[in-house]
Each structure stands twice: as structure tokens, then as C-alpha cells.
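Spelled out, the chains give:
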Amino acid sequence: MDDPLRQAKAKAAATYDAAADHFDDEPLSFWERIGKRTIDGLGLPSAATVLDVGCGTGASALPAAQTVGPKGSVIGVDLSVRLLDRARAKAKARGLANVEFRLADMTSLGYPNDRFDAIVSVFSIFFVPDMQGLVRELWRMVRPGGKLAVTTWGPRMFEPAYSRWQKAIKQERPDLYNAFNPWDRITDSDSVRRLLHDGGATNVEVAAEDSNQMLRSAEDWWIIALGSGPRWTIEQMGAEAAARIKADNVNWLRENKIDRLETNAIYAIARKPS
């Protein structure tokens, strides 16, 4: 598998299928908080049609479905079977019949031009090597007068724990250490604005917001790691190495009395002319 896009898709699917068992745990409540904040910023009208790409367990798709009401519709797509199963269960529990979750690749959905009133990407745009190409593909499916919302990580994701995590990885398994992450390409407002502009989107507004995830205890960091991007690395290193890194991270957080992690996000909305 030498195609970068295929590699990225396979890694994302494997990571989040594994992470599904902790994805909705309380220490990861930032998914829902940031997903809802994205939908609130769109101001969706009743009866709107919405596409959510990289929808996960529905952090943005479910509030979108509640907002647009029974006359509206939401389609959520993701590469993780296990996240989609959780999303469907949550929709059923909330009595939402206007949302559908599909196993699909967001880079090649095949919907016609001008299909949706709004398209949403929360923490997914950076998983593809050609982000600009994906913006262009999503933008063509937004109807005139519609909106494209892209939310991504701001700077210092999961700090200060993430720096300690990287240090421990570098010492324990240097072959798995990577100083650069896909989301590092767009962790400031100017980069996000430029990405949308270069992808053909217009009338782009960007807001950077700082926030924190409170920790009930130092162990919450490891739950976050198991339910998010670091899960892939944990799966590769084996149980004994993972146990040593967990002990290192948790002890360091406890000794330094760390009770919160940064979950800064950048929210961008582009509006297509009518």
C-alpha cells in the first residue's frame, strides 16, 4: 500500500475502530462540546439538509439533526465501523429518525453539485494528504447560499500531557515517535483560512477559541489517549511498553498536579454566494 491517501484512510479507520471503546467516555466530552459548538455556529434553519464527514459517534451530526428537525435530514459518514455503530445507537436512544450514518470515504462520496445546505467537518479534514482537494470536493456539494464548516485543533492539543507522551514514546519506542502530526498543518487561524480559500471556498470566517478538558484524576489522560489519535501508537507498541508509558505519563501528571488539558479549537465557516 504505497498510495498516501490509502495509507491515511487505513490508519484512520484502524485507529478509531480501536478507539471506539473509549471514544465516548467522560474524559473525552470535548468531542461533544466542540461538535455542538460547530453546529451552533452554523445557525441551521429548520428542514435543512446536512452532510457530516468524519462524523465519529455523532458529536456534530446528532445536534445537527436535532436542530433541523423532522423535516430536515442529516447524513453522517465515517471510515470506522465501530464509531458508526455507536452513532446509530445514540440516534436511536434520542429518537432521531432524520439522521443516517453511512460507512463511506469522504473524499469520494459522489453526491451531486449543490446537494446540501451545510457540510460539516469536525476534526477530519487533516486526515487526508490533499486537504485542499477535499475542501474543493466538499465545496462543490454545498448549494448556493449554503455553508461549509471546518473545525480543527488549535495549538497545543492535549498539553501538557501530549509533550510528556511524545517524550516517553521517543525513549521507549523511537521507531513510533513522530514529531509531526497531520493536524499540525492547520493549527492557526491563518492556515485554516488559507486552506479554505485555496480550496475555492468564499466568505470565510475563522474563530480560534481556547478551552480545557478537566481531569478527574491523572488516569483520565490515558483514557483520552485510548479514545483518540494516540490509540494507534498504543496498539503498535505492545502491552508491556504501553504499561510503562502509561505509568510514566500518569505519574508525571500526578506529581505536577495537572488537572486539565488544552483542547483549543479553530472554527471556520465559509458561505457560498446565492
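Structure's up top.
Read on for a plain summary of the structure. (Residues numbered from 1 in each chain as written. Predicted model: local features only at pLDDT ≥ 70, side-chain atom pairs only at ≥ 80, totals over all residues. Heavy atoms only, no water.)

Here we look at the pairing of strand β5 (residues 142-153)
Working step 1: Both strand β4 (residues 116-122) and β5 contribute to a ladder of six bridges, which runs parallel. When the bridges of β5 are listed, valine 120 appears paired with alanine 149.
Working step 2: Between the parallel pair β4 and β5, the chain is carried across by helix α5 (residues 131-140), and the sense of this crossover is right-handed.
Working step 3: As judged from the seven bridges shared by β5 and strand β9 (residues 265-271), these two strands associate in the antiparallel manner. Directly across from lysine 147, in β9, lies its bridge partner arginine 271. (Pairing = 2+ DSSP bridges. Helix = DSSP H or I, 4+ residues; strand = E, 2+ residues; numbered from the N terminus. Right-handed = clockwise from strand over helix to strand, strands pointing away.)

Some points on the packing of α5 against helix α7 (residues 189-198)
Working step 1: For the pair α5 and α7, the least separation of the axes is 8 Å and the interaxial angle reads 55°. Considering their axes alone, α5 and α7 lie oblique with respect to each other. In this structure, α5 crosses over α7, and the sense of that crossing is right-handed. Across the interface between the two elements, Met131, Gln132, Val135 and Arg136 of α5 pack against Leu195, Leu196 and Asp198 of α7.
Working step 2: Of the residues in the contact of α5 with α7, the class split is four nonpolar, one polar and two charged. (Axes fitted to C-alpha atoms, helices over the stretch in contact; angles between N-to-C directions. Parallel < 35°, antiparallel > 145°, perpendicular 65-115°, else oblique. Left-handed = near helix turned anticlockwise from the far one by under 90°. Contact = heavy atoms within 4.5 Å. Nonpolar A, V, L, I, M, F, W, Y, C, P; charged D, E, K, R; others polar.)

Thoughts on α7
Working step 1: Taken together, the buried positions of α7 are Ser191, Val192, Leu195 and Leu196. Mapping the buried residues of α7 onto a view down its axis gives an arc of 130°, with all of them on the same face.
Working step 2: Where the residues of α7 are buried, they touch α5, β5, β6 (204-209) and β9.
Working step 3: Where α7 begins, the capping side chain belongs to aspartate 188, and its oxygen is found 3.2 Å from the backbone nitrogen of aspartate 190.
Working step 4: The first or second residue beyond α7 is glycine 200, which carries a positive phi of 95°. (Buried < 20%, exposed > 50% of the residue type's maximum accessible area, 1.4 Å probe, protein only. Arc of directions from axis to C-beta. Polar contact = N/O pair within 3.5 Å; in protein donor to acceptor, adjacent residues only side chain to side chain.)

Things to note about the environment of tryptophan 31
Working step 1: Inspection of the secondary structure assignment puts tryptophan 31 in helix α2 (residues 30-42).
Working step 2: On the basis of relative accessible area, tryptophan 31 is assigned to the buried category, the value being 9%.
Working step 3: On a C-alpha basis, the gap between tryptophan 31 and serine 60 in space is 8.5 Å, while along the polypeptide they are 29 residues apart.
Working step 4: Non-local contacts of tryptophan 31, meaning those with residues more than four positions away in its chain, are made with Phe23, Ala59, Phe123, Trp153, Gly227 and Ser228.
Working step 5: A distance of 3.4 Å separates the side chain of tryptophan 31 from the backbone oxygen of phenylalanine 23, its partner in a polar contact.

Quick word on the packing of aromatic side chains
Working step 1: One pass over the full model with this rule turns up 16 aromatic pairs.
Working step 2: Summarising the aromatic geometry, the rings of phenylalanine 30 and phenylalanine 158 are spaced 5.5 Å apart at their centres and angled 55° between planes, so their arrangement reads as tilted. Of the two residues, phenylalanine 30 is situated in helix α2 and phenylalanine 158 in the loop between β5 and α6 (161-172); the sequence distance between them amounts to 128 residues.
Working step 3: Given the relative accessible area of 0%, phenylalanine 30 is considered buried.
Working step 4: Seen from the ring of tryptophan 232, lysine 11 lies directly overhead, with NZ or CZ sitting 4.2 Å from the centre.
Working step 5: The lysine or arginine in question, arginine 37, covers the ring of tyrosine 267, its NZ or CZ lying 4.1 Å from the ring centre. (Phe/Tyr/Trp six-rings, centres within 6.5 Å; stacked < 30°, edge-to-face > 60°. Lys NZ or Arg CZ within 6 Å of the ring centre and 35° of its normal.)

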